[in-house]
Amino acid sequence: MSEASLRDRATAPLTEDAARARIASLAFAPAATGRVGAEVEWHLTSPADRRRRVDPETVKALLGVRDALPRRTRLSFEPGGALELSTRPGTLTECFDDLESDRDRIATALAAEGLELLGLGLDPVRLPRRVVRSPRYQAMEELFDQDGRAGRWMMANTASVQVCVDTGTEADLADRWTRAHRLAPVLIAAFANSPLRRGEPSLWRSTRQHVWTAIDPSRSRPVPAGDPRETWARYALDARVMAVRGPGRWTVPRGLTFRDWLRATDLRPPTRDDLDYHLTTLFPPVRPRGRYLELRMIDAQPGPDWIVPVALAAALFDHPGAAAAADAALAPLWHGATPADLALRAATAALGDGPIAAAALACFTAARDATADPRIAAALDRHTETFVARARTRADDLVAARR
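About the thresholds
Residues numbered from 1 in each chain as written. Predicted model: local features only at pLDDT ≥ 70, side-chain atom pairs only at ≥ 80, totals over all residues. Heavy atoms only, no water. Buried < 20%, exposed > 50% of the residue type's maximum accessible area, 1.4 Å probe, protein only. Helix = DSSP H or I, 4+ residues; strand = E, 2+ residues; numbered from the N terminus. Arc of directions from axis to C-beta. Contact = heavy atoms within 4.5 Å. Polar contact = N/O pair within 3.5 Å; in protein donor to acceptor, adjacent residues only side chain to side chain. Salt bridge = Lys/Arg side-chain N within 4 Å of Asp/Glu carboxyl O. Pairing = 2+ DSSP bridges. Phe/Tyr/Trp six-rings, centres within 6.5 Å; stacked < 30°, edge-to-face > 60°. Disulfide = S-S within 2.5 Å. Axes fitted to C-alpha atoms, helices over the stretch in contact; angles between N-to-C directions. Parallel < 35°, antiparallel > 145°, perpendicular 65-115°, else oblique. Left-handed = near helix turned anticlockwise from the far one by under 90°. Nonpolar A, V, L, I, M, F, W, Y, C, P; charged D, E, K, R; others polar.

K.L.:
What is the right way to read helix 3 (residues 56-63) from this model?
P.N.:
Along helix 3, the positions that sit buried rather than exposed are Pro-56, Val-59, Lys-60 and Leu-63. In a view along the axis of helix 3, the buried residues occupy a sector of 100 degrees, so they form one face of it. Looking at the buried positions of helix 3, the neighbouring elements they touch are strand 1 (36-45), strand 2 (74-77), strand 3 (83-86) and helix 4 (92-111). Structurally, the start of helix 3 carries an N-cap: the backbone nitrogen of Glu-57 is 2.9 Å from a side-chain oxygen of Asp-55. Directly beyond the C-terminal end of helix 3, a positive phi value near 70 degrees is found at Gly-64.

K.L.:
Looking at this structure, I do not really get the pattern of salt bridges. What am I missing?
P.N.:
Inspection of the entire model under this criterion finds 35 salt bridges. When the shortest N-O distance is used, the salt bridge between Arg-375 and Asp-97 registers 2.9 Å. One end of the pair, Arg-375, is in helix 17 (residues 374-386); the other, Asp-97, is in helix 4, and 278 residues separate them in sequence. Overall, Asp-97 belongs to the partly exposed group, its relative accessible area being 25%. Among the ionic pairs, Arg-240 bridges to Asp-147, the shortest N-O distance being 2.9 Å. With Arg-240 in the loop between helix 10 (228-238) and helix 11 (258-263) and Asp-147 in the loop between helix 5 (135-145) and helix 6 (150-157), the pair connects residues that are 93 residues apart, well separated along the chain.

K.L.:
In this structure, what is going on with the pairing of strand 9 (residues 292-299)? I would like to understand it.
P.N.:
Every other side chain in a regular strand lies on the same face of the sheet, so the side chains alternate between the two faces. Among the eight residues that make up strand 9, seven are buried, leaving the element largely enclosed by the rest of the structure. In this structure, strand 8 (residues 286-288) lies alongside strand 9, joined through three bridges in antiparallel fashion. Across the sheet, residue Pro-288 finds its bridge partner in strand 9, namely Leu-293.

K.L.:
Just to check I follow, could you spell out the packing of aromatic side chains for this structure?
P.N.:
The description of an aromatic ring pair rests on the distance of the ring centres and on the angle between the ring planes. Tallied over the full model, the rule gives seven aromatic pairs. Summarising the aromatic geometry, the rings of Trp-232 and Tyr-235 are spaced 5.4 Å apart at their centres and angled 20 degrees between planes, so their arrangement reads as stacked. In this pair, Trp-232 and Tyr-235 are both assigned in helix 10, three residues apart and thus about one turn of the helix distant. Centre to centre, the rings of Trp-250 and Tyr-277 are 5.9 Å apart; their planes meet at 90 degrees, and the pair counts as edge-to-face. In this pair, Trp-250 sits in the loop between helix 10 and helix 11 while Tyr-277 sits in helix 12 (residues 272-279), placing the two residues 27 residues apart along the sequence. Just as Trp-250 is buried, Tyr-277 falls in that class too.

K.L.:
Hey, could you run me through the environment of Ser-101 in this one?
P.N.:
Note that Ser-101 resides in helix 4. Residue Ser-101 is classed as partly exposed on the basis of its relative accessible area, which comes to 31%. On a C-alpha basis, the gap between Ser-101 and Arg-74 in space is 13 Å, while along the polypeptide they are 27 residues apart. In contact with Ser-101, not counting residues within four places along its chain, are Arg-71 and Phe-96.

K.L.:
Which parts of the structure should I look at to understand the environment of Ala-19?
P.N.:
Relative to the helices and strands, Ala-19 resides in helix 2 (residues 16-27). Beyond its immediate chain neighbours, meaning those up to four positions away, Ala-19 contacts Leu-14, Leu-237, Leu-262 and Leu-275.

K.L.:
For this particular structure, what's the right way to read helix 12?
P.N.:
Since the α-helix advances by 3.6 residues per turn, residues separated by three or four positions end up pointing in the same direction. Within helix 12, six of the eight residues are buried, which leaves the element mostly enclosed by the surrounding structure. Taken together, the buried positions of helix 12 are Arg-272, Asp-274, Leu-275, Tyr-277, His-278 and Leu-279. For helix 12, the N-terminal cap is Thr-271; the gap from its side-chain oxygen to the backbone nitrogen of Asp-273 is 3.3 Å.

K.L.:
Sorry if this is basic, but what is going on with the state of the cysteines here?
P.N.:
Two cysteines whose sulfur atoms are joined by a covalent bond form what is called a disulfide. Under the definition given, this model contains zero disulfides. For Cys-164, which is in no disulfide, the shortest distance to another cysteine sulfur is to Cys-95 and amounts to 8.9 Å. Cys-363 takes part in no disulfide bond, and the closest cysteine sulfur, belonging to Cys-164, lies 19 Å away. Judged by relative accessible area, Cys-363 falls into the buried class, the value being 0%.

K.L.:
In this structure, what is going on with the packing of helix 2 against helix 12? I would like to understand it.
P.N.:
Packed helices, taken two at a time, are described by their axes: the angle between them and the distance between them. In contact at an axis separation of 11 Å, helix 2 and helix 12 are set at 45 degrees when each is read in the N-to-C sense. Compared by their axis directions, helix 2 and helix 12 come out oblique. As for how helix 2 packs across helix 12, the hand of that crossing is right-handed. Across the interface between the two elements, Ala-19, Arg-22, Ile-23 and Leu-26 of helix 2 pack against Arg-272, Leu-275, Asp-276 and Leu-279 of helix 12. A breakdown of the residues in the contact of helix 2 with helix 12 according to their chemical character gives five nonpolar, no polar and three charged.

Structure below.
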């Protein structure tokens, strides 16, 4: 097909049936398992002035790079200036070697300028302020402002470890989708690392999770249970549109969902390009991305400890014995419980919640037994012994230090 024909298809008006089919086909592309990726964020701050925000262009100039680093991780910045490194898909060892090498190089360069990477799920001091200017972030801020201030906190003051695992073959796709959702409360609780807000302890061990649940639920709540393709297509069509893009300022009628847009008679018809862009603005805790699933519910971790949640997920998805152990440990947790209930328990009590703590310990034990790289296994051991086996989190230590 010619380039002109492809461009015409991308800009032709969509029908509702065509949109539903495209969403389903893009979201889940069966793939062999065994690869993992990570997108890791840190707040960029100055120990001498915790309220200072650093312009991303200043950081790029300091590092002497634009978007790629020596080990080929991708460098990007969140709206509030948080720094993100993203790996290519590969083995767990490749993921660790590539991202950790670049993280260490960046941390060293920043330290020479009096700056540091702060691995916490929520900025503990600063009020939210956006430093990255773009039409996308302006439209996002305006949409979230319709529901309160949580959107600004999410955009400018949260940081996470996002783990990417293969979607899996057609035969096991649904099981992996289910496991990703069932694992969510364990990941929220075991890595809770954001109890401080504006310098004081909040009511949450993962205040980051609290912030995320307070933004537009049409794009941030978990995808409902059911057939993965059908439920995701319905979720995406019923999510509010962030922006109708065009020249000048991007605007959108209040409350407009993508399904509404497809049926509207007073707006320009949405195109395939509009749909593809809309999908990039949806942020459920588990997001399908074609050949991989993105786990988005984990608080940022300090230094090299970002590898612990990545290793945990890699083992529980790609080692048959660890996957079976995780499924068995997680099943009782979900008897009679809803995703919202478990997320609330995980974000407030964290590993102080007995059933979540028991499931977490079983998952960590299974992952440790399935992790071959001795450096990564040692990191899993440390986190298990320091926190999970003691039913404690980094958040508990941060709160205790404030007393």
